[in-house]
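Each chain, letter by letter, is given below.
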Amino acid sequence: MASTSKLISISILVISVAGGILLFYLMSELSKEQRKKMIGEMVSQLVNFVLFMWAGKVLLNFSVFIKDPMAILAYPGDSGAFYAAVLFSGLLLTYKVKRGQLEGLAVRKAFVHLFLLAAFLYEFIQYAWNDQIYSLGSLIILAILLGGFTYLNGRMATGKLLGLLLTVWACGMSVLMVLQPYITVFGYMIKPWFLLLFFVANVLLLLKHYRKDGRYGWN
């Protein structure tokens, strides 16, 4: 029964990400070739993210892994593995941008758009199909952010837009953390310290683009 539940959870996640990629392809203002290239890069990074989660599981449970590898590898990672994958993925993307292999702002914009779309689909499925009442708050926040992204895209400087959206997301999730017992992202429990670090990082990003783009940063 537990294995069935995990398979259903993984299936919902896969459906959400696949749906997010499809919606990104349909909604993006990029040219057809650019969309294909960006989707290829995002899929590649998502594969890396999964691999980083496996690595995180092993590192965080190394003593158990040595004794019984399948006890660690047979199941999806926990929140600790999720945090590790976020860190490793961020470092890898930063490295590729610094080496000139990726265009930083374009990739960040695509990933933020994909995250909002996939997370919205995930929370919608959880709320509508699994009757997860605590998904409603996240669903509302993501709907507002998607609306903001759609309206401000092309009207506000990209760096400032991304910093604003992610800062608002962190603030909204912090409010939910006070109002309900827990909050999750794609089923992974989120701790206060992670939200705080995420909030601070994006405030710094906003300040950076505030200085670079001017007070409002409208295009």
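It should be emphasised that the depicted structure is a prediction, and the values quoted were computed from it without experimental measurement.

Rules used throughout
- Residues numbered from 1 in each chain as written.
- Predicted model: local features only at pLDDT ≥ 70, side-chain atom pairs only at ≥ 80, totals over all residues.
- Heavy atoms only, no water.
- Helix = DSSP H or I, 4+ residues; strand = E, 2+ residues; numbered from the N terminus.
- Contact = heavy atoms within 4.5 Å.
- Areas by Shrake-Rupley, 256 points an atom, 1.4 Å probe, with all protein chains shown as cover.
- Axes fitted to C-alpha atoms, helices over the stretch in contact; angles between N-to-C directions.
- Parallel < 35°, antiparallel > 145°, perpendicular 65-115°, else oblique.
- Nonpolar A, V, L, I, M, F, W, Y, C, P; charged D, E, K, R; others polar.
- Salt bridge = Lys/Arg side-chain N within 4 Å of Asp/Glu carboxyl O.
- Buried < 20%, exposed > 50% of the residue type's maximum accessible area, 1.4 Å probe, protein only.
- Patch = residues over 30% accessible without salt bridge, like charges linked within 9 Å, V, L, I, M, F, W, Y side chains within 5 Å.
- Core = buried A, V, L, I, M, F, W, Y, C linked by side-chain atoms within 4.5 Å.

Caption draft 1: View of the overall build of the chain. Helix and strand counts for the chain come out as nine helices and two strands. Along the chain, helices and strands appear, N-terminal first, in the series α-α-α-α-α-α-α-α-β-β-α. Looking at the chain alone, contacts between residues at least 24 apart form 69% of all its contacts between residues at least 6 apart. On the chain, roughly 12,700 Å² of surface is accessible, and the fraction owed to carbon and sulfur atoms is 70%.

Caption draft 2: Broad picture of the packing of helix α2 (residues 32-60) against helix α6 (residues 104-128). At a minimum axis separation of 11 Å, α2 and α6 run at an interaxial angle of 70°. It follows from the interaxial angle that α2 and α6 lie roughly perpendicular. Side by side, α2 and α6 meet where Met38, Met42, Gln45 and Leu46 of the first sit next to Ala106, Val107, Ala110, Phe111 and Leu114 of the second. Residue composition of the contact of α2 with α6, by class: eight nonpolar, one polar and no charged.

Caption draft 3: Region of the structure containing the pattern of salt bridges. Counted by the stated rule, this structure contains two salt bridges. As a salt-bridge pair, Lys109 and Glu29 come within 2.7 Å of each other at their nearest N and O atoms. Taken together, the residues span a long stretch of sequence, with Lys109 in helix α6 and Glu29 in the loop between α1 (2-27) and α2 at a distance of 80 residues. Classification of Lys109 as buried rests on a relative accessible area of 15%. A salt bridge links Glu41 to Lys96; the shortest N-O distance between them is 3.4 Å. Of the two residues, Glu41 sits in helix α2 while Lys96 sits in helix α5 (residues 79-98), which places them 55 residues apart along the sequence. In terms of burial, Glu41 and Lys96 fall into one category: buried.

Caption draft 4: A look at a nonpolar patch on the surface. A cluster of nonpolar side chains, Tyr127, Ile133, Tyr134, Leu136, Ile140, Ile144, Tyr182 and Met189, forms an exposed patch at the surface whose accessible area comes to about 710 Å². Take the nonpolar patch: its biggest share by element is three residues, from helix α7 (residues 135-152). Within the fold, Tyr182 resides in the loop between α8 (158-179) and β1 (184-185).

Caption draft 5: Main features of the nonpolar core. The biggest cluster of nonpolar side chains holds 45 residues, and the ones touching the most others in it are Phe82, Trp169, Met173 and Ile190. When contributions to this core are tallied by element, the ones reaching two or more residues are α1, α2, α5, α6, α7, α8 and α9 (192-213). Broken down by element, the residue count for this core peaks at ten residues, all from α6. Ignoring anything within four residues of it in the chain, the contact list for Ile190 reads Phe82, Tyr83, Met177, Ile183, Thr184, Val185 and Leu195.

Caption draft 6: The environment of Thr94, seen in detail. Relative to the helices and strands, Thr94 resides in helix α5. Sequence separation between Thr94 and Gly104 is ten residues, and the spatial gap between their C-alpha atoms is 8.0 Å.

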